Amino acid sequence: MKQIESSKNQKVKDWKKLHTKKERIKTNTFLIEGEHLVEEALKSPGTVKEILVKDETKIPADLDVSIECCVLSEDAFSAVTETETPQQIAAVCHMLEEKLTSPQRVLLIDAVQDPGNLGTMIRTADAAGLDAVVLGDGTADAYNGKTLRSAQGSHFHIPVVRKNLHTYVDELKAEGVKVYGTALQNGAPYRDMSQAESFALIVGNEGAGVDAGLLEKTDLNLYVPLYGQAESLNVAIAAAILVYHLRG
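In this report, the structure presented in the accompanying data block is examined. (Residues numbered from 1 in each chain as written. Predicted model: local features only at pLDDT ≥ 70, side-chain atom pairs only at ≥ 80, totals over all residues. Heavy atoms only, no water.)

### Notes on the side chain of Glu40
We apply this condition: Each helix is a run of DSSP H or I of at least 4 residues and each strand a run of E of at least 2, with the numbering of both proceeding from the N terminus. Exposure is judged per residue with a 1.4 Å probe applied to protein chains only, and the accessible area is read against the type maximum: over 50% gives exposed, under 20% gives buried, and values in between give partly exposed. Whether two residues touch is decided by their heavy atoms; if any such pair falls within 4.5 Å, the residues are in contact.
Within the secondary structure, Glu40 sits in helix 3 (residues 35-42). Since its relative accessible area comes to 8%, Glu40 is described here as buried. Setting aside residues up to four positions removed in sequence, Glu40 forms contacts with Gly153, Phe156 and His157.

### Re the side chain of Thr29
Stated precisely, the cut-off is as follows: Identification of polar contacts relies on pairs of N or O atoms within 3.5 Å, with a donor-acceptor requirement for protein atoms, meaning one able to donate a hydrogen and the other able to accept it, and with residues adjacent in sequence counted only if both atoms are side-chain atoms.
The topology assignment puts Thr29 in strand 2 (residues 29-33). Side-chain polar atoms of Thr29 contact the side chain of Thr27, separated by 2.7 Å. Sequence-distant contacts of Thr29, that is, excluding residues within four places in its chain, are made with Leu18, Arg24, Lys49, Val92, Cys93, His94 and Met95.

### So, the packing of aromatic side chains
The line we're drawing: Working definition: rings of Phe, Tyr and Trp (its six-membered ring) pair if their centres are within 6.5 Å, and the pair is stacked with planes under 30 degrees apart, edge-to-face with planes over 60 apart, and tilted otherwise.
This model, assessed by the stated rule, comprises two aromatic pairs. Centre to centre, the rings of Phe30 and Tyr143 are 4.4 Å apart; their planes meet at 40 degrees, and the pair counts as tilted. Of the two residues, Phe30 is situated in strand 2 and Tyr143 in the loop between strand 7 (132-135) and helix 6 (145-151); the sequence distance between them amounts to 113 residues. Side by side, Phe30 and Tyr143 carry an identical accessibility label, which is buried. Judged by centre distance (6.3 Å) and plane angle (25 degrees), the rings of Phe30 and Phe156 are stacked. With Phe30 in strand 2 and Phe156 in the loop between helix 6 and strand 8 (160-162), this pair connects stretches of sequence that are 126 residues apart. With respect to burial, Phe30 and Phe156 carry one shared label: buried. By way of ring pairs, the aromatic residues Phe30, Tyr143 and Phe156 are connected into one cluster.

### Here's the deal with unusual backbone geometry
Unlike most non-glycine residues, Asn28 shows phi in positive territory, near 60 degrees. Within the secondary structure, Asn28 is located in the loop between helix 2 (21-27) and strand 2. On the basis of relative accessibility, which here comes to 45%, the residue Asn28 falls in the partly exposed class.

### Comments concerning the sheet that holds strand 9 (residues 178-182)
Rule in force here: The rule for pairing is simple: two strands pair if DSSP sees at least two bridges between them. Working convention: axes come from line fits to C-alpha atoms, limited for helices to the stretch in contact. Angles between N-to-C directions cover 0 to 180 degrees.
Pairing is parallel in the open sheet, where seven strands are placed in the order 8-7-6-11-9-12-10. Looking at which strands have only one partner, the edges of the open sheet turn out to be strand 8 and strand 10 (188-189). Sheet analysis places strand 10 next to strand 12 (residues 220-223), joined by two bridges and oriented parallel. Of the residues in strand 12, the one forming a bridge with Pro189 is Tyr223. Seen against the sheet, helix 5 (residues 115-127) touches strand 6 (105-110), strand 7, strand 8 and strand 11 (199-204) and runs at an angle of roughly 175 degrees to strand 6. Contacting strand 6, strand 9, strand 11 and strand 12, helix 9 (residues 235-247) runs over the sheet at an angle of about 165 degrees to strand 11.

Have a look at this one:
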């Protein structure tokens, strides 16, 4: 077990760099914060590389002896963590394997830029029992700290992969999976569509919506009716309504 006192320690500097996408890609690792996320990561064998705890914090009793544990002073721990009021534990994890095996229920995310929205949708897809979440071009980073916190550990339960959605939609349709877009124009109220044994739902950018080229490839485009004066629904809320409706 290592004891680290200084916030200028090289290890502390290296961990802090994991707040950047560039460093996450370079090292093939990412940083999580908080007891719940660490617990979920530890349930996934081989995922956790290092455990970081603030001084005088209880170390998980069942911690695998192969996982390095570092005890940090308050200053060092604060330098590593991203949140203003960090919990007492964090972990460095290996990037999760991006693997898809003929998924039958999939959420496709096209250029959603807010990491909180992305994390919420990953969590929703997990809760709804979908097989995968596929991120298209322009979508926020799956390992952004806000994405990870919003997803609440669902990264460790459901595959989250990055693909070109135009190509992937063609692949899904070739396998007989129905593909639904989300759009008001030439769309149908979602209740007009019954649940489906297999489906892919595409949700799009907070301002621009789903790419027009993708909408041309869908079997049907759906929308959630608005009964009040709001101009639109948050993309994560709309995704949840549609996913659960299609899931049945």
